[in-house]
Amino acid sequence: MNEGAIRRNDWRARGHAGWWAFAVHRISGLGLAIFLPAHFLVLGQALTGAEALDGVLAWTDRPLVKASEIALVFLLAVHLGGGLRLLLVEFGGWRAAWQPALIAVAAGGATLCALLFALNLA
Amino acid sequence: MSSARRQSLLWLAQRASAAVLAICVVVHLATMIVAVRGGLTAAEILGRTRGSVLWAAFYGVFVLGVAMHAPIGLRAIVAEMRGSHSRGIDMAMLAFAAVLLALGLRAVAAVTTGRAS
């Protein structure tokens, strides 16, 4: 087939759980990589004393920041779930029939973590 | 080092760090879910971590794993978007790894060193 004839952005190739698992894993990884330096900088505030860290923690006590924290917990948990599935695929062998269930468990587990965090944060 | 060998080593490092991080993330998620109950204070966080060799070792390993895992993942994404690998991407990711390692170890020192209160 002529390479020019390949429809690289064909959405029909993306209408399945595997593609969404890939997309979520990539987006969550990017999100976490962007967040990490800020997370480390905030924790580093403790070097100048507990008061400095309390100052940052007080700033986080607002709805939008709390919602972001819940989203970050979801991103971390879903990246964990997706990553464990990938390790299973790469080292345990490909089992096509298992994939929808594994993806559902990863998504469900991440949602549960985010909800538990949100309930305790409230 | 040949490009194929470098790719193989990075693939292995990515999976090895992923396996270590999986354990770290489970502990971190459980800690966060429990710790935020009733609000989070510096006294509570530092009371748990300061003077604790165990938490220092745990977070040290966590930071090492992250500093390895995240840049390799970003490198793959950037190379895929550009359509090729390049020395520039490798240098940028090495710099990102150094930043994560430095900031991460600084954060670990900040929350684990000093008197336990």
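The following refers to the structure shown. All values reported here derive from a predicted model rather than from experimental measurement.

Concerning the overall build of chain A
Phase 1 of the analysis: When helices and strands are counted, chain A shows 4 helices and 0 strands.
Phase 2 of the analysis: Reading chain A from its N end, one meets helices and strands in the order α-α-α-α.
Phase 3 of the analysis: Relative to the 2.2 N^0.38 estimate, which gives 14 Å for 122 residues, the radius of gyration of chain A is 19 Å and therefore markedly larger than a compact globule would have.
Phase 4 of the analysis: With the principal axes as the frame, chain A shows a C-alpha extent of 65 × 35 × 30 Å.
Phase 5 of the analysis: In chain A, buried positions account for 24% of the 122 residues.
Phase 6 of the analysis: A sequence separation of at least 24 residues applies to 81% of the contacts in chain A between residues at least 6 apart.

Some points on the overall build of chain B
Phase 1 of the analysis: Looking only at helices and strands, chain B features 4 helices and 0 strands.
Phase 2 of the analysis: For chain B, the sequential pattern of α-helices and β-strands runs α-α-α-α.
Phase 3 of the analysis: Over its C-alpha trace chain B gives a radius of gyration of 17 Å, far above what one expects of a compact globule, namely 13 Å for 117 residues.
Phase 4 of the analysis: In terms of overall dimensions, chain B has a C-alpha envelope of 50 × 25 × 20 Å along the principal axes.
Phase 5 of the analysis: Evaluated residue by residue, chain B yields a buried proportion of 26% over its 117 residues.
Phase 6 of the analysis: The contacts in chain B between residues at least 6 apart in sequence include a share of 85% that link residues at least 24 apart.

With respect to the packing of helix α3 (residues 63-92) of chain A against helix α4 (residues 99-121) of chain A
All names here are of chain A.
Phase 1 of the analysis: Running from amino to carboxyl end, α3 crosses α4 at an angle of 155°, the nearest separation of the two axes being 8 Å. On the basis of the axis angle, α3 is roughly antiparallel to α4. Regarding α3 and α4, the two cross each other, and that crossing is right-handed. Side by side, α3 and α4 meet where K66, E69, I70, V73, F74, A77, V78, G81, G82, R85 and L88 of the first sit next to L102, I103, V105, A106, A107, G109, A110, C113, A114, F117, A118 and L121 of the second.
Phase 2 of the analysis: When the residues that make up the contact of α3 with α4 are grouped by side-chain class, the tally is 17 nonpolar, 3 polar and 3 charged.

Re the interface of chain A and chain B
Phase 1 of the analysis: The partner chain B presents 28 residues to the 28 residues of chain A that form the contact.
Phase 2 of the analysis: Broken down by element, the residue count for the side of chain A that touches chain B peaks at 9 residues, all from helix α1 (residues 17-44) of chain A.
Phase 3 of the analysis: Class assignment for the residues of the side of chain A that touches chain B results in 21 nonpolar, 4 polar and 3 charged.

Topic: the nonpolar core
Phase 1 of the analysis: In this structure, A46, V73, A77 and C113 of chain A are the most contacted members of the largest nonpolar core, which totals 40 residues.
Phase 2 of the analysis: Elements with a contribution of two residues or more to this core: α1, α2 (50-59), α3 and α4 of chain A together with α1 (3-35), α2 (42-49), α3 (53-82) and α4 (87-112) of chain B.
Phase 3 of the analysis: No other element matches α3 of chain A, which puts 7 residues into this core.
Phase 4 of the analysis: Beyond its immediate sequence surroundings of up to four residues, A46 of chain A is in contact with A52 and L53 of chain A together with A42, L46, A110 and V111 of chain B.

A few points about α3 of chain B
Residues and elements named next belong to chain B.
Phase 1 of the analysis: Taking 1.5 Å per residue as the helical rise, α3 with its 30 residues ought to reach 44 Å, and the 43 Å between its terminal C-alpha atoms agrees with that figure.
Phase 2 of the analysis: The complete set of buried residues in α3 reads Y59, V63, G65, V66, A67, M68, H69, A70, P71, G73 and R75.
Phase 3 of the analysis: Count one or two residues on from α3 and you reach G83, which has phi positive near 90°.

Things to note about the packing of α1 of chain A against α4 of chain A
Residue and element names in this part refer to chain A.
Phase 1 of the analysis: Put simply, α1 and α4 touch, their axes get as near as 10 Å, and they point 35° apart. Relative to α4, α1 is oriented so that their crossing is left-handed. Facing α1, whose interface residues are A17, G18 and A21, α4 presents Q99, P100 and I103.
Phase 2 of the analysis: Its residues assigned to classes, the contact of α1 with α4 comprises 4 nonpolar, 2 polar and no charged.

Thresholds, definitions, all that
- Residues numbered from 1 in each chain as written.
- Chains lettered and ligands numbered in written order.
- Predicted model: local features only at pLDDT ≥ 70, side-chain atom pairs only at ≥ 80, totals over all residues.
- Helix = DSSP H or I, 4+ residues; strand = E, 2+ residues; numbered from the N terminus.
- Rg over C-alpha atoms; globule rule 2.2 N^0.38 Å.
- Buried ≥ 20, exposed ≤ 12 C-beta atoms within 10 Å, placed from the backbone.
- Contact = placed C-beta atoms within 7 Å.
- Axes fitted to C-alpha atoms, helices over the stretch in contact; angles between N-to-C directions.
- Parallel < 35°, antiparallel > 145°, perpendicular 65-115°, else oblique.
- Left-handed = near helix turned anticlockwise from the far one by under 90°.
- Nonpolar A, V, L, I, M, F, W, Y, C, P; charged D, E, K, R; others polar.
- Core = buried A, V, L, I, M, F, W, Y, C linked by C-beta atoms within 7 Å.
- Expected span 1.5 Å × (residues − 1).

Take it as geometry only, folks, not as evidence of what the structure does.
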